[in-house]
Structure formats: structure tokens, C-alpha cells
Amino acid sequence: MSLAIVHHPAYCADLPANHRFPMDKFRAVADLIRAEGLLNGGSFYRPRPAPFEWVALAHDSAYVDQVFNGTVPERIAREIGFPMREDIALRARCATGGTVLTCYLALEHGIACNTAGGSHHARRAHGAGFCVFNDVAVALRVMQADGAIGKALIVDLDVHQGDGTADIFQGDPDIFTFSMHSQKNYPVRKIPSHLDMGLPDATGDVVYLQKLAEILPALLKQRPWDLVVYNAGVDPYERDRLGRLALTREGLRLRDRFVIETVLAADVPLAGVLGGGYSTDIDELADRHLTLHRSASAVSAEKSKGQGRIPFPHPVPG
């Protein structure tokens with residue numbers, strides 16, 4: 001069984017050449033997935049752009065309307081960090097629809113990965129930090145409304161704290177947010193997750209993986225989770241432009257393998273999203289991001305030989 005991977009060409013919008021956000025990585029990630037044969041002769045699952053009704057489940061409807069109609073106030077556009085054009089709005093809608101599709105595919109197959117997503121700084125009121133819509137929050141709200149899930153766990157290992165996700169799910173007893181991140185990194189004002197693990201600068205592989213091994217298995221035993229959403233940001237890498245945790249490439253690989261193997265061993269479906277990663281070397285960055293898809297493909301293949309897929313009765317939304 002091949003890994004279900006979600007991609008849309010609109011994930012990559014045009015930005016000025018000197019922009020800090022490496023938009024071209026989404027195209028490069030898709031190209032590398034094809035080149036390495038991770039689709040196993042198949043095709044990407046292509047999402048539809050998230051409609052207004054989906055996005056408004058997680059965000060203020062007035063803000064959603066502003067994005068859809070190109071009327072985002074300049075002060076909010078500056079906080080987001082993107083020129084809020086039509087193609088940027090379409091990109092946000094497609095990435096969000098992609099995570100919705102990824103989560104449903106995870107329920108159907110046991111594991112699935114997006115080639116975008118993890119926009120965890122977008123709060124209920126509006127976007128921030130290169131995040132227009134919080135795709136993970138929208139996906140889980142859609143699934144709650146559909147009755148597809150009861151309880152879900154978000155494992156956010158991006159180098160930045162998931163403040164927007166924490167904001168949206170404050171007070172929700174069915175969605176648990178866990179963020180392990182660089183304590184001194186963006187955002188300066190953090191919104192508390194259900195569980196935060198802020199790490200000091202230059203935390204390397206050994207301590208990082210030890211902390212993760214102490215936390216994740218215990219979280220999986222807390223409740224009967226219907227889904228885990230994994231933000232596999234690669235910005236904890238030692239050479240990332242915005243990271244400060246000093247993980248090596250091998251550390252990132254061990255991290256992803258541990259998360260995927262541990263979640264699937266607990267018989268919980270896993271949806272992986274790309275998360276953050278920053279470099280002027282797009283080829284290096286795409287290769288780094290593919291750590292998620294390579295690990296998921298390998299573990300999925302190993303698991304399918306023994307247990308097969310995890311069935312789920314809810315249809316994937318078209």
C-alpha cells in the first residue's frame with residue numbers, strides 16, 4: 001500500500017525574490033516526492049480549496065470574508081507577512097483543504113501526509129506569522145462538525161510555539177494541543193497550549209529526543225484518541241534560518257520515525273503536515289522536509305505488511 005500524499009499546484013504562490021518565506025519549497029517538495037517514487041506509481045491526492053463555511057468554523061467570519069474578498073486591512077497583512085492578493089488567498093484555501101483531505105485520508109488508510117500545512121500562528125481573529133488560515137484547526141473543526149472524530153491530539157514539533165492553534169482550541173475538551181518548541185523564539189507572547197515544552201537554545205538531538213520520548217507515549221495513553229495531527233516542522237534543524245534548537249538531519253529523521261511509529265503502534269491514525277522550514281537553498285530545504293514523507297512511507301509499508309490499513313466509515317470530502 002502506497003502512502004496517501006496530498007498536493008495542489010496552488011500551494012506555491014508568487015512572492016518577491018527577496019521575501020523571507022521560501023514559497024518555492026512547496027513545488028520542490030512535490031517534485032522530489034515524484035523523483036523518489038514515493039507515490040509508488042500513483043498520483044497525489046488533490047484537494048479542493050476550502051470553502052468559506054469550513055474556514056469560518058475555526059476563524060472569525062469577518063476575517064474569513066476579508067481574505068476571500070481581498071479586503072484584509074493593511075495592519076493584519078503586515079502581521080501575516082504576505083501581500084494579501086487573490087493567489088495568496090487561494091493558496092491558503094488549498095493548503096487548508098489539503099489538510100482536511102489529509103486528515104480524512106488518515107482515518108481511511110491509517111496515515112496520510114500533506115505537502116503543505118501546519119500554519120499554526122493563525123488565531124481565531126486573524127492570521128499572523130506567514131499563516132493566513134490555521135489549516136489544522138479548520139480540519140479538526142470540520143471533522144467535529146461531521147461527527148468523524150471525537151477526540152484528537154495535535155503534536156506540534158515546529159520550532160515555533162503553536163500559539164494560534166492554542167488560541168482556537170482553548171476550552172475545547174476534545175482537542176488537546178501539545179507544542180514542543182524553542183522557548184526564546186517567535187512568538188514573543190505565547191498563548192498557552194494544553195501542554196507546552198519550551199526548550200532552551202542549542203538543545204541538541206539527545207535531549208530533544210529524550211523529552212519527546214517522555215511526553216508522547218504518556219499523551220497517547222491519556223485518552224482514546226481518534227486522530228493525531230503531526231506538525232513536522234523542520235526548523236529545529238541546526239542550520240535553519242529561523243531555528244535555534246540545533247537538531248541534526250539525523251535528529252529530525254529519528255524524531256519523525258519515533259512519532260510515526262509510536263502513534264501507529266497505539267492504533268491511532270496519523271495525519272502529517274509540513275510545518276516550518278527556512279533556507280535560501282530550496283533544494284536542501286525540500287530534501288529536509290521530505291524527512292516526513294520518507295519516514296511515513298517506510299513505516300506505512302512496514303505496518304501494512306502486518307496489520308493492513310485502519311478502516312473508517314466516514315467518506316473523504318470531495
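Just so it is clear, the model here is predicted, and its values are computed rather than measured.

Calculation rules
Residues numbered from 1 in each chain as written. Predicted model: local features only at pLDDT ≥ 70, side-chain atom pairs only at ≥ 80, totals over all residues. Heavy atoms only, no water. Helix = DSSP H or I, 4+ residues; strand = E, 2+ residues; numbered from the N terminus. Rg over C-alpha atoms; globule rule 2.2 N^0.38 Å. Buried < 20%, exposed > 50% of the residue type's maximum accessible area, 1.4 Å probe, protein only. Contact = heavy atoms within 4.5 Å. Areas by Shrake-Rupley, 256 points an atom, 1.4 Å probe, with all protein chains shown as cover. Lys, Arg positive; Asp, Glu negative; His and termini not counted. Charge placed at Lys NZ, Arg CZ, Asp CG, Glu CD. Core = buried A, V, L, I, M, F, W, Y, C linked by side-chain atoms within 4.5 Å. Expected span 1.5 Å × (residues − 1). Pairing = 2+ DSSP bridges. Axes fitted to C-alpha atoms, helices over the stretch in contact; angles between N-to-C directions. Parallel < 35°, antiparallel > 145°, perpendicular 65-115°, else oblique. Nonpolar A, V, L, I, M, F, W, Y, C, P; charged D, E, K, R; others polar. pLDDT = per-residue confidence, 0-100. Polar contact = N/O pair within 3.5 Å; in protein donor to acceptor, adjacent residues only side chain to side chain. Phe/Tyr/Trp six-rings, centres within 6.5 Å; stacked < 30°, edge-to-face > 60°. 1 Å grid on protein atoms, 1.4 Å probe; cavity = no way out; pocket = protein on both sides within 12 Å on 5 of 7 lines; lining within 4 Å. Points joined across faces, edges and corners; volume = space filled by probe spheres on them.

## Comments concerning the overall build of the protein chain
Link 1 in the chain: Of regular secondary structure, the protein chain possesses 10 helices and seven strands.
Link 2 in the chain: For 318 residues, the compact-globule estimate of 2.2 N^0.38 gives 20 Å, and the protein chain sits close to it at 18 Å.
Link 3 in the chain: Across its three principal axes, the protein chain shows a C-alpha extent of roughly 50 × 45 × 40 Å.
Link 4 in the chain: Looking at the 318 residues of the protein chain, the share that counts as buried comes to 58%.
Link 5 in the chain: A fraction of 76% describes how many contacts in the protein chain between residues 6 or more apart in sequence connect residues 24 or more apart.
Link 6 in the chain: Looking at the protein chain as shown, the accessible area adds up to about 12300 Å², and 50% of this sits on carbon and sulfur atoms.
Link 7 in the chain: Across the protein chain, the centroid of the 33 positively charged side chains sits 1 Å from that of the 37 negatively charged ones.

## Structural notes on the nonpolar core
Side chains that are nonpolar tend, in soluble globular proteins, to be buried together.
Link 1 in the chain: Judged by nonpolar contacts, the single largest core of 60 residues is most densely connected at Met-23, Phe-82, Met-84, Val-132, Leu-140, Met-143 and Leu-227.
Link 2 in the chain: Looking at this core element by element, the count peaks at 12 residues for helix 5 (residues 86-109).
Link 3 in the chain: If near-sequence neighbours (up to four positions away) are discounted, Met-143 is found in contact with Cys-103, Tyr-104, Leu-107, Ala-148, Ile-149 and Leu-227.
Link 4 in the chain: Counting 46 residues, the second largest nonpolar core, distinct from the first, contains Ile-33, Met-180, Leu-219 and Leu-220.

## Let's talk about helix 6 (residues 135-146)
Link 1 in the chain: In this model, helix 6 (12 residues) spans 16 Å end to end at C-alpha, consistent with the 16 Å of a helix rising 1.5 Å per residue.
Link 2 in the chain: A large share of helix 6 lies buried, amounting to nine of its 12 residues.
Link 3 in the chain: All of the buried residues along helix 6 are Asp-135, Val-136, Ala-137, Val-138, Ala-139, Leu-140, Arg-141, Val-142 and Met-143.
Link 4 in the chain: Of the residues flanking the end of helix 6, it is Gly-147, one or two places downstream, whose phi is positive at about 75°.

## Focus: the environment of His-293
Link 1 in the chain: One can find His-293 in helix 10 (residues 282-306).
Link 2 in the chain: Separated by 125 residues in sequence, His-293 and Ile-168 have C-alpha atoms that sit 27 Å apart.
Link 3 in the chain: Those residues in contact with His-293 that sit more than four places away from it in its chain are Leu-3, Ile-5, Val-29, Ile-33, Leu-38, Cys-113, Asn-114, Thr-115 and Leu-274.

## Quick notes on the sheet that holds strand 3 (residues 152-156)
Link 1 in the chain: What the seven strands build is an open sheet, ordered 1-2-7-6-3-4-5; its pairing is parallel. In this open sheet, the two edge strands, each paired with only one partner strand, are strand 1 (4-6) and strand 5 (195-199). Across this sheet, the average inter-strand angle for adjacent strands is 15°, counted without regard to direction.
Link 2 in the chain: Pairing analysis gives three bridges linking strand 1 to strand 2 (residues 111-114), with the strands arranged parallel.

## Remarks on the packing of helix 8 (residues 205-222) against helix 9 (residues 249-265)
Link 1 in the chain: Remark: helix 8 packs on helix 9, axes separated minimally by 11 Å, with the N-to-C direction vectors making an angle of 10°. Considering the angle they form, helix 8 stands roughly parallel to helix 9. Residues Asp-205, Tyr-208, Leu-209, Leu-212, Ala-213, Leu-216, Pro-217 and Leu-220 of helix 8 touch helix 9, and the partners they reach there are Gly-251, Leu-254, Arg-255, Phe-258, Val-259, Thr-262 and Val-263.
Link 2 in the chain: Of the residues contributing to the contact of helix 8 with helix 9, the split by class is 11 nonpolar, two polar and two charged.

## Examining the confidence of the model for the protein chain
Link 1 in the chain: On average, the protein chain scores 94 in pLDDT, and the residues at 70 or more come to 96%.
Link 2 in the chain: Per-residue pLDDT stays below 50 along residues 308-316; that stretch engages in 24 contacts with residues further than four places along the chain or on separate chains.

## Side note on the side chain of Thr-203
Link 1 in the chain: In this fold, Thr-203 is placed in the loop between strand 5 and helix 8.
Link 2 in the chain: You can call Thr-203 buried: its relative accessible area is 5%.
Link 3 in the chain: A distance of 2.7 Å separates a polar side-chain atom of Thr-203 from the backbone oxygen of Pro-200.
Link 4 in the chain: If we skip the residues at most four places from it in the chain, Thr-203 touches Tyr-208, Arg-244, Leu-245, Ala-246 and Leu-247.

## A short note on the packing of aromatic side chains
Two numbers describe a pair of aromatic rings. These are the distance of the centres and the angle of the planes.
Link 1 in the chain: Enumeration over the complete set of coordinates arrives at 10 aromatic pairs.
Link 2 in the chain: Considering the side-chain rings of Phe-21 and Phe-130, the 5.3 Å spacing of their centres and the 55° angle between planes classify their relative orientation as tilted. Residue Phe-21 is located in the loop between strand 1 and helix 1 (25-35), and its partner Phe-130 is located in the loop between strand 2 and helix 6; the two are separated by 109 residues in the primary sequence. As far as the burial class goes, Phe-21 and Phe-130 line up, both buried.
Link 3 in the chain: Among the aromatic residues, those joined into a cluster by ring pairs are Phe-21, Phe-26, Phe-82, Phe-130 and Tyr-278.

## With respect to the layout of surface pockets
Link 1 in the chain: Considered as a void within the structure, the largest pocket measures approximately 320 Å³ in volume.
Link 2 in the chain: Taken together, 22 residues make up the lining of the largest pocket; nearest its centre are Phe-21, His-121, Gly-129, Phe-130 and Tyr-278.
Link 3 in the chain: Here the lining of the largest pocket is composed, by residue class, of nine nonpolar, nine polar and four charged.
Link 4 in the chain: Approximately 240 Å³ is the volume attributed to the second largest pocket.

## Concerning the environment of Leu-264
Link 1 in the chain: Note that Leu-264 resides in helix 9.
Link 2 in the chain: Of the residues examined, Leu-264 reaches a relative accessible area of 3% and is grouped as buried.
Link 3 in the chain: Distance in space between the C-alpha atoms of Leu-264 and Val-299 is 8.7 Å, their sequence separation being 35 residues.
Link 4 in the chain: Setting aside anything within four residues of it in sequence, one finds Leu-264 in contact with Gly-110, Ile-111, Leu-270, Val-299 and Lys-303.

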